[in-house]
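Report on the structure
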Amino acid sequence: MEKYRVHEVAKDFGLSTREITEILTKYAETPKNHMQVLTDGELSIIFEKLTQDHPVSGIQAIFADVQAAEKPEPKKEAKPKKQPVPAGQPAAKAQPAAPQQQTGRSQQPQQGQQQPKAQPAQSAPKAQPAAQQQPVSRVPQKKIVDTRKGGDVNLAKYDERLEDLGGQRGERMQKSGGKEKFRNNNQRRGGAPLSNKRRQDEAEKMRRLQLEIAKKAPLKVMIPDEISVGELASRMKKTGAEVVKCLMKNGIMASLPQMIDYDTAALVAMDMGCKVEHEVTVTIEEKLIDDRADKPEELVPRAPVVVVMGHVDHGKTSLLDAIRNTNVVSGEAGGITQHIGAYQVQINGKPITFLDTPGHEAFTSMRARGAMITDIAILVVAAEDGIKPQTVESINHAKAANIPIIVAINKIDKPEANPDRVMQQLTEYGLVPEDWGGETICCPISAKKNIGIDNLLEMVLLTAEMGELKANPNRAGQGTVIEARLDKGRGPIATLLVQNGTLKQGDIIIAGTAVGRIRTMTDSKGRRLTEAGPSVPVEVTGLSEAPTAGSQFFAVADERMARELVEQRKAEERAKANAPVQKVSLENLFDQISAGERKELALIVKADVQGSVEAVKASLEKLSNDEVNVRVIHGAVGAVNESDVMLAASSNAIIVGFNIRPDAAARDSAARTNVDMRMYRVIYDCIDEIEAAMKGMLAPKFREVVLGHAEIRQTYKVSGVGTVAGCYVQDGKILRACSVRVVRDGIVIHEGVLGSLQRFKDSVKEVSQNYECGLTVEKFNDIKEGDIIEAYTMEEIPR
């Protein structure tokens, strides 16, 4: 198939290359240059467009043109070198054009009429018989150029000149076999200046064309939330200098690698004539995790999740014992709850999920977590103790989570119980009992004697019904990690509370930086489950590591993508850990220098469950003060191992174990490297011991103790010694190894150390009140009669 180029089409149709380019730009793609070979589709578009723009007057016109083309012509006339052509004078490729009418009206295009669309290449073969009869130029026979602006012009003179020029060129082409050789500038007379001018004109035309195109179709730029200045310049097809200049105009000083936000970048792009669109980057997390909202028709009622909160030792776990008819407290160290537990019980055939949270102050984060994932809070208050600090904190957590509070006034069986006082105290914190006209349900109970438990549970069910708690069981499971621990035989074990959807055995779950396929799933009583619906607490195995308590978990479909997301999260955590705590600025420079002078107590915390690790870590870091900075350099679940000891040895840290023991290798390694390991069962002991250890590290504090005053009554100058003062001790005593001040007329003129102390000729350790003595002050001789010597010492204050 013969190649058909842009300029050839323009020539055949008697149009400029620019007009053909504009047609292609509008309906297809802009050609790179005038030499580009056109495809069938592009030719069809051109033919269709020109056909629509120049319809023929009737079928007779077509046959008249064909007959005219077949007749032999007496004289061939060629097109002049480069003259503008009136638009719409088409001629098929390799087909002789019909004679023009003298009126200057253009002929109609015949390509679109004679052949179907998308078959432009067939036009040349059709025209071949006529072309073989008499070789002629493919250009129109005569050009009519009318540049008149007004008045009469002798057109005949110009037409004659054009015909002469055209004839000469046609004869030359015939002699050379239809082609004319290009001559170089040396052969062409005066060709160079014309060539340069033409080049400049073409460049100017191209520049104008580009500007017009840019105005017509502004460049579309996709901008993400953050973009570097250099990348923005690249996307806008501008130089970096132009973008930086535009930013400076808007009052922003930014270099090429610097990141700017979407609003700034959009402003710059619009200033530079670009159309802006916000680029939304879809993360792996968004692809993987289904976070769509449930439709109302998909929701079904679910069991309420109830958290039991209150002060330490007020009877939260005993209440749960009474509900579950089990005994948990005896298994807790020191009789206080140190792990979070989740249980589901059936009350009158209706399930209720209970969460038991620790009451000690160190477990604030665990209580807050318990409140955030539940529907109802039972606040346990001991009738004889009343409201305590952790009770107030529990009230605040429940209010922050916007969940209803049911108050259980426990231990009413005790003789010193005073429920009315408890109710009075509750009103101070905005909890007005129903009996007093408020909205807070108060139930007097005794967990030990099993009094009032049924009434409390009825109130819980009633509150749950009022809340209309619903979830969608027909979707992938998701919820919260309540607790996680490392089991020696089974590996990482996590206690999960399913909040929506259904969790099934074999599901791939992702929780924080842990990922894995659920191998086994058991309920709070240890029974095997194959699936768990909303509000069901389960214990699962199969995760890669113990997830952080409180992190969200999701059941996902793609394991490869899930592992990729976990690696991404781990990389982010590592980057966060390695990043400097705070970038230095003039405001915090002094603070950072000061922090460098502080002593630091490094600790490694190991515990049996993740929640305890966080609690111990938080309470120990609270012990930091202005002089000693407590820093937990590592916290993890499981026994103390050799790598922990190596870390402690290299960073000069103390290992704190909570409810765990070190293995044999760790004990031997610690003995070799003199690493201090402390194991605890109760959190109070841990905090007290670390606090005592810190006191030994604190810089000693001193206070000044005045010993006595002596008046100088006479001075003696002794060679080799200096000025000796003869003194009378007015009060207290003067010690030989004490510090002294020389006070003259109430003004301290010198502070220093006592050089020597004598009575008569003997050197003495001290001189008491109402005795005379001789003394010298070290490195000071300007002593005068009447001066007062004040003796004092610095005494260390015990911590």
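Residues numbered from 1 in each chain as written. Predicted model: local features only at pLDDT ≥ 70, side-chain atom pairs only at ≥ 80, totals over all residues. Heavy atoms only, no water.

1. Concerning the overall build of the chain
Keep this limit in mind: Helix and strand labels come from DSSP, where a helix needs a run of H or I of at least four residues and a strand needs a run of E of at least two; each type is numbered from the N terminus. We call a residue buried when its accessible area falls under 20% of the maximum for its residue type, exposed when it is over 50%, and partly exposed in between, using a 1.4 Å probe and counting protein chains only. Every residue pair with non-hydrogen atoms within 4.5 Å of one another is taken to be in contact. Only the protein chains shown count as cover for residues, and all accessible areas are computed by the Shrake-Rupley method using a 1.4 Å probe.
Looking only at helices and strands, the chain has 23 helices and 32 strands in total. Across the 799 residues of the chain, 42% fall into the buried class. Restricting to contacts in the chain with at least 6 residues of sequence separation, those with at least 24 account for 70%. Looking at the chain as shown, the accessible area adds up to about 45200 Å², and 50% of this sits on carbon and sulfur atoms.

2. A short note on a negative patch on the surface
The condition is simple: Think of a patch as exposed residues, more than 30% relative accessible area, with no salt bridge, where like charges cluster within 9 Å and nonpolar side chains (Val, Leu, Ile, Met, Phe, Trp, Tyr) cluster within 5 Å. Whenever Lys or Arg places a side-chain nitrogen within 4 Å of a carboxyl oxygen from Asp or Glu, that contact is recorded as a salt bridge. Only four residue types enter the charge count, namely Lys and Arg as positive and Asp and Glu as negative; His and the chain termini do not. To locate a charge, take NZ of a lysine, CZ of an arginine, CG of an aspartate or CD of a glutamate.
On the surface, a cluster of negative charge is made up of Asp 225, Glu 226, Asp 261 and Asp 263. Within the secondary structure layout, Asp 225 lies in the loop between strand S1 (220–223) and strand S2 (226–228).

3. Topic: the pattern of salt bridges
The full count for this structure, using the stated rule, is 29 salt bridges. Residue Glu 559 pairs with Arg 563 through a salt bridge whose shortest N-O separation is 2.8 Å. Of this pair, Glu 559 and Arg 563 both sit in helix H18 (residues 559–578), separated by 4 residues, roughly a single helical turn. Each of Glu 704, Arg 741, Glu 751 and Glu 790 takes part in one network of salt bridges that share partners.

4. Quick look at the nonpolar core
Our working rule: As used in this record, nonpolar core signifies buried Ala, Val, Leu, Ile, Met, Phe, Trp, Tyr and Cys residues forming a set joined through side-chain atoms within 4.5 Å.
Counting 27 residues, the largest nonpolar core has Leu 319, Ile 323, Phe 354, Ile 378 and Leu 456 as its most contacted members. With 6 residues, helix H17 (residues 453–467) is the largest single contributor of residues to this core. In this structure Ile 323 touches Val 345, Ile 347, Phe 354, Ile 453 and Leu 457, once residues within four positions along its chain are discounted. Val 307, Met 309, Ala 377 and Leu 426 belong to the second largest nonpolar core, which has 26 residues in total.

5. Concerning the pairing of strand S13 (residues 478–487)
To keep it simple, the criterion reads: Should DSSP find at least two bridges between two strands, the strands are taken to pair.
Burial of S13 is extensive: 7 of the 10 residues sit out of reach of the surface. In this sheet, strand S14 (residues 491–500) lies alongside S13 in antiparallel orientation, the contact comprising 9 bridges. Looking at S14, one finds that Glu 483 is bridged to Thr 495.

6. Some details on the confidence of the model for the chain
Reading predicted coordinates in detail is not appropriate for stretches of low pLDDT. Quick reminder of the rule: Confidence scores labelled pLDDT are given residue by residue by the predictor and lie between 0 and 100.
Here the chain shows a mean pLDDT of 76. Residues at 70 or above account for 75%. Low confidence marks residues 185–192, where pLDDT is under 50. Its contacts with residues over four positions away, or in another chain, come to 1 contact. Below a pLDDT of 50 lies the segment residues 359–363, which in the model reaches 22 contacts outside its immediate sequence neighbourhood of four places, other chains included.

7. A short note on the packing of helix H10 (residues 240–249) against helix H11 (residues 262–271)
We apply this condition: Each axis is a line fitted through C-alpha atoms, taken for helices only over the stretch in contact, and angles between the N-to-C directions span 0 to 180 degrees. What sets the label is the angle itself: under 35 degrees gives roughly parallel, over 145 gives roughly antiparallel, 65 to 115 gives roughly perpendicular, and the rest give oblique. Residue type decides the class: Asp, Glu, Lys and Arg count as charged, Ala, Val, Leu, Ile, Met, Phe, Trp, Tyr, Cys and Pro as nonpolar, and the leftover types, Gly among them, as polar.
The interhelical angle for the contact between H10 and H11, taken along N-to-C directions, is 110°, at an axis separation of 10 Å. Relative to H11, the element H10 is oriented roughly perpendicular. On H11, the residues touching Val 243, Cys 246 and Leu 247 of H10 are Thr 264, Val 268 and Asp 271. Looking at the contact of H10 with H11 residue by residue, the classes come out as 4 nonpolar, 1 polar and 1 charged.

8. Remarks on the sheet that holds S13
On the basis of which strands lie adjacent, the closed barrel formed by 6 strands has the order S13-S14-S19-S17-S16-S20 and antiparallel pairing. Along the sheet, successive strands turn relative to each other by an average axial angle of 45°, direction set aside. Across the sheet, H18 touches strand S16 (508–511), strand S17 (514–522) and strand S20 (552–556), and the angle it forms with S16 is around 15°.

9. Some points on the packing of aromatic side chains
Basically, it comes down to this: Two rings from Phe, Tyr or Trp (for Trp, the six-membered ring) form a pair when their centres are within 6.5 Å of each other. A pair whose planes differ by under 30 degrees is stacked, one over 60 is edge-to-face, and the rest are tilted. When the NZ atom of lysine or the CZ atom of arginine is within 6 Å of a ring's centre and also within 35 degrees of its normal, the charge is said to sit over that ring.
For the structure shown, the criterion picks out 1 aromatic pair. For Arg 741, the ring lying beneath its charged end belongs to Tyr 792, and the centroid distance is 4.0 Å.

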